[in-house]
Amino acid sequence: MSGSAYETTNKYLQDGFDALGLNPKTEHMLKTPSREVRVELVITRDDGSVGNFIGYRVQHDNARGPFKGGLRYAPSVNRDEVQSLASLMTWKTALIDVPYGGAKGGIQADCRDLSTSEVERLTRRLVETVHEFIGPTEDIPAPDMNTDGQVMAWLFDEYSNFHGFEPAVVTGKPVDVHGSVGRDAATGRGCMFALREVMNYDGEQLEGTDIAIQGFGNVGSWAARLLHEKGANIIAVSDITGGYCDPTGLDIPAVYEHVVAEGDLETFDDADAISNEELFTLDCDVLMPAAIGGVLTEENADDVQADYVLEAANGPTTYPADKILENRGVTCIPDIYANAGGVTVSYFEWTQNIQHFSWNETEINDQLEERFVDAHEAIRQTMEEEDVSMRVAAFMNAIERVCHATEMRGLQ
Ligand code: GLU
């Protein structure tokens, strides 16, 4: 048994605690969320029937700043998953050094069964129910799985109905609705910087690297395009309809155009069809899970042929799989570093909103890059000093920052 998502996150956290030698009281406090809100959301469906949905917002820690994290809409959303993802946000924001804590929210709903106006009503109903728990200095949601700039615009609009004009209540908004240039690409761009830093340290280059990407949503598609631009060979991509492989390298702009036109990869025929499961075991240099959690398990970790696993998704590797990969010499670039680009540019968006001033894209991308370079250096230093894996080092650095803030504020 691999354990639940929350158990997995806590096991990774425990490895960090053990390496740092924290006391059990502090460990318990850092594992447990500060606040959890579970709400029933009732809307009138387009056909006149009543729709009942369950929503969660878990606020994990705010020692370093307001709670911060995405909002996902998916059938798989449950309390355990949201607890795990909220905790990961605390460590991610600390590691990449943006002044936030961690939170996550979700609605248990399948967007494929909902019309656009139903998604809008559900979003507005969520805000109506939780608006007292969120706010620009309290808890700032952002996009996550199946939520986008449009959902964030509704969220901003509905929150403003209660509290007046407050664009900083949510990030990932469309650029025309107080969003930031560069936010849409940010998570994918951050993945590219993380991989470049890790590979350069090993004397390797992105150019000519064979990469297989599971998932072609916002994160996977941006990462694919940016890595392709840098000369990497994206040899496979996949989505819910299956995997598409070309060992000589896919024409990523054509793949992207296909998805924009058709909505998914299904009829893309300029590649060999493979299953999502086969994608994990392809002969490649880098395997990039960029979709759901818990996909690398005891069942497939032994068959992974890549030298690097770049965790673009949150929590893609189960704890036993992580140990298998580590023993086999596969470098796991942990989620709290690899996919921190989104929340980093969320921070830039929030600061722009607060200042009522906008930055240009070059400034955004340069500052994003700087944070990835700095975080990588700090991770390497801990790896060398403590002789630990990249994941343990990343958690150690993040835990130290959160503990220090907690102690200085006297919250213990
Ligand atoms: N949902 C993204 C994540 O998991 C972004 C969160 C944010 O920007 O607050 O990191």
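First, a word on scope: everything that follows refers to the structure included in this document.

How each quantity is defined
- Residues numbered from 1 in each chain as written.
- Predicted model: local features only at pLDDT ≥ 70, side-chain atom pairs only at ≥ 80, totals over all residues.
- Heavy atoms only, no water.
- Axes fitted to C-alpha atoms, helices over the stretch in contact; angles between N-to-C directions.
- Helix = DSSP H or I, 4+ residues; strand = E, 2+ residues; numbered from the N terminus.
- Left-handed = near helix turned anticlockwise from the far one by under 90°.
- Contact = heavy atoms within 4.5 Å.
- Nonpolar A, V, L, I, M, F, W, Y, C, P; charged D, E, K, R; others polar.
- Near = heavy atom within 4 Å.
- Polar contact = N/O pair within 3.5 Å; in protein donor to acceptor, adjacent residues only side chain to side chain.
- Areas by Shrake-Rupley, 256 points an atom, 1.4 Å probe, with all protein chains shown as cover.
- Expected span 1.5 Å × (residues − 1).
- Buried < 20%, exposed > 50% of the residue type's maximum accessible area, 1.4 Å probe, protein only.
- Phe/Tyr/Trp six-rings, centres within 6.5 Å; stacked < 30°, edge-to-face > 60°.
- Lys NZ or Arg CZ within 6 Å of the ring centre and 35° of its normal.
- Pairing = 2+ DSSP bridges.
- Salt bridge = Lys/Arg side-chain N within 4 Å of Asp/Glu carboxyl O.
- Disulfide = S-S within 2.5 Å.

Some words on the packing of helix H6 (residues 183–201) against helix H12 (residues 341–355)
Here is step 1: The contact between H6 and H12 brings their axes to 7 Å, and the two run at 145°. The chirality of how H6 crosses H12 is right-handed. Here Arg183, Ala186, Thr187 and Gly190 of H6 come into contact with H12, specifically with Gly341, Gly342, Val345, Ser346 and Glu349.
Here is step 2: The residue inventory of the contact of H6 with H12, partitioned by class, reads two nonpolar, five polar and two charged.

Considering the site of the ligand
Here is step 1: Taken together, the neighbourhood of the ligand is formed by 14 residues, with Lys68, Lys92, Pro143, Asp144 and Ser346 sitting nearest.
Here is step 2: In the model, an oxygen atom of the ligand is placed 2.7 Å from a nitrogen or oxygen of the Lys92 side chain.
Here is step 3: In this structure, Asp144 approaches the ligand through a side-chain N or O atom, which is 2.7 Å from a nitrogen atom.
Here is step 4: Taking 300 Å² as the accessible area of the ligand by itself, protein coverage stands at 95%.
Here is step 5: Only helix H3 (79–95) and H12 provide two or more residues apiece to the shell around the ligand.
Here is step 6: The leading source of residues in the shell around the ligand is H12, at three residues.

Description of unusual backbone geometry
Here is step 1: Backbone geometry places Asp97, a non-glycine residue, at a positive phi of 65°.
Here is step 2: The residue Asp97 is located in the loop between H3 and strand E5 (102–108) in this model.
Here is step 3: Despite not being glycine, Asp387 has its phi angle at roughly 55°, a positive value.
Here is step 4: Position of Asp387 relative to the elements: it lies in the loop between helix H13 (361–386) and helix H14 (390–409).

Overview of H13
Here is step 1: Between the first and last C-alpha of H13 there are 37 Å, a value that for 26 residues agrees with the 38 Å anticipated at 1.5 Å per step.
Here is step 2: Of all the residues in H13, the buried ones are Ile364, Asn365, Leu368, Phe372, Ala375, His376, Ile379, Arg380, Thr382 and Met383.
Here is step 3: On its buried side, H13 packs onto H3, H6, helix H11 (335–338), H12 and H14.
Here is step 4: The N-capping residue of H13, defined by a side-chain oxygen 3.2 Å from the backbone nitrogen of Thr362, is Asn360.
Here is step 5: Remark: Asp387 follows H13 within two positions and exhibits a positive phi of approximately 55°.

Thoughts on the packing of aromatic side chains
Here is step 1: Evaluated as defined, the whole model comprises 10 aromatic pairs.
Here is step 2: Seen from their ring centres, Tyr12 and Phe395 are 6.4 Å apart, and the 25° between their planes marks the pair as stacked. Taken together, the residues span a long stretch of sequence, with Tyr12 in helix H1 (residues 5–20) and Phe395 in helix H14 at a distance of 383 residues. Note on accessibility: Tyr12 and Phe395 belong to one class, buried.
Here is step 3: A ring pair is formed by Tyr100 and Tyr347, whose centres lie 5.9 Å apart and whose planes are at 90°; its orientation type is edge-to-face. On the criterion of sequence distance, the pair formed by Tyr100 in the loop between H3 and E5 and Tyr347 in helix H12 is long-range, its members being 247 residues apart. One exposure class covers both Tyr100 and Tyr347, and it is buried.
Here is step 4: Through a chain of ring-to-ring contacts, the aromatic side chains of Tyr100, Tyr347, Phe348, Trp350 and Trp359 assemble into a single cluster.
Here is step 5: For the cation-ring pair, Arg391 lies above Tyr12, with the distance from its terminal atom to the ring centre recorded as 4.2 Å.

Thoughts on the sheet that holds strand E9 (residues 242–245)
Here is step 1: Strand order in the open sheet formed by seven strands is E10-E9-E8-E7-E11-E12-E13, with mixed pairing between adjacent strands. If you trace the sheet from one side to the other, it starts and ends with strand E10 (272–274) and strand E13 (331–333), each paired once. With strand direction ignored, the average angle separating the axes of adjacent strands in the sheet is 20°.
Here is step 2: As paired elements, strand E8 (residues 233–239) and E9 share four bridges and run antiparallel to each other. Of the residues in E9, the one forming a bridge with Asp239 is Gly242.

Some points on the side chain of His376
Here is step 1: Here His376 is to be found in helix H13.
Here is step 2: What makes His376 buried here is its relative accessible area of 6%.
Here is step 3: Once residues within four sequence positions are removed from consideration, His376 is found in contact with Glu197, Val198, Tyr201 and Tyr337.

A short note on the pattern of salt bridges
Here is step 1: Under the counting rule described, the total for this entry stands at 22 salt bridges.
Here is step 2: Notably, a salt bridge pairs Lys323 with Asp15, separated by 3.3 Å at the nearest N-O pair. In this pair, Lys323 sits in helix H10 (residues 319–327) while Asp15 sits in helix H1, placing the two residues 308 residues apart along the sequence.
Here is step 3: By relative accessible area, Lys323 is classed as partly exposed at 26%.

Structural notes on the state of the cysteines
Here is step 1: Tallying each qualifying case throughout the model produces zero disulfides.
Here is step 2: With no disulfide of its own, Cys245 has Cys284 as its nearest cysteine by sulfur position, at a separation of 9.3 Å.
Here is step 3: What makes Cys245 buried here is its relative accessible area of 7%.

Remarks on the pairing of E9
Here is step 1: Following E8, the chain reverses through two residues before pairing antiparallel with E9.
Here is step 2: Judged from the three bridges that link them, E9 and E10 form a sheet pairing that is antiparallel. The residue bridging Gly243 from the neighbouring strand is Ile274, located in E10.

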